[in-house]
Amino acid sequence: MAFALGNHILIFVSLLSILGTPSSCFKPRNLVSVASNFTSDADWPSTMATWYGAPEGDGSENGACGYGKAVGGPPYNSMISAGNPSIYDSGKGCGSCYEIKCTGNSACSGNPVKVFITDLCPECSHYFDLSGHAFGSLASSGQANNLRVAGKISVQYQKVACN
């Protein structure tokens, strides 16, 4: 038993001496620059999201931005949202794009989806009131209805360029 324990200690001390020795190949600056290319969740502010309209619908064809029936086809494809008054910004927010990812619900996929602001949600204290289709797109495969049943979910978001 003492022999086995001694071997483990010897291996541990050997590893420490190897890892503790600086190597000419290790370039901490390069490691930092590579890591800095990734976006962390800390860069995504949090808010809540709700949904409106039909479960697989495009929200509203009578949105405050005036897009009409266009919201159901390309480039919008029903991936739209009404924004609260600060996002809508007296109409200046119309057409802006956000990536949104669902958090804190077992039905969430965690993958971001892109939505277009096409409407105003004047009573929203949270930022996004998504179309039924966009809300369901935040769910893991087969979980869209379970997510919609929640009605209001935690999300993270970031403003992105529209293509």
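Residues numbered from 1 in each chain as written. Predicted model: local features only at pLDDT ≥ 70, side-chain atom pairs only at ≥ 80, totals over all residues. Heavy atoms only, no water.

**Q** It is not clear to me how the state of the cysteines should be interpreted in this structure. Could you clarify?
**A** Disulfides are covalent bonds that connect the sulfur atoms of two cysteines. For the structure shown, the criterion picks out four disulfides. Paired through a disulfide, Cys102 and Cys108 show a sulfur-sulfur distance of 1.8 Å. Comparing Cys102 with Cys108, the two get one shared label, buried. Along the protein, the cysteines that take part in disulfide bonds pair up as 1-2, 3-8, 4-5, 6-7, counted in sequence order. (Disulfide = S-S within 2.5 Å. Buried < 20%, exposed > 50% of the residue type's maximum accessible area, 1.4 Å probe, protein only.)

**Q** Mind showing me how you'd approach unusual backbone geometry here?
**A** Trans peptide bonds make up the majority, and among non-glycine residues the majority have a negative phi. With an omega of 0°, the peptide bond between Pro74 and Pro75 qualifies as cis. With respect to the helices and strands, the residue Pro75 is situated in the loop between strand E1 (46-52) and strand E2 (80-83). At Asn77, a position not held by glycine, the phi torsion is positive, near 50°. Looking at the secondary structure, you find Asn77 in the loop between E1 and E2. A relative accessible area of 39% means that Asn77 is categorised as partly exposed. Despite not being glycine, Ser78 shows a phi value in the positive range, around 65°. (Helix = DSSP H or I, 4+ residues; strand = E, 2+ residues; numbered from the N terminus.)

**Q** Help me understand the pairing of strand E5 (residues 128-131), please; the structure alone is not making it clear to me.
**A** As a general feature of sheets, a regular strand has side chains that alternate between the two faces. Pairing of E1 with E5 involves four bridges; the strand directions are parallel. Across the sheet, residue Tyr52 finds its bridge partner in E5, namely Ser131. The sheet contact formed by E2 and E5 spans three bridges and is antiparallel. Across the sheet, Ala82 pairs through a bridge with Asp129, a residue of E5. (Pairing = 2+ DSSP bridges.)

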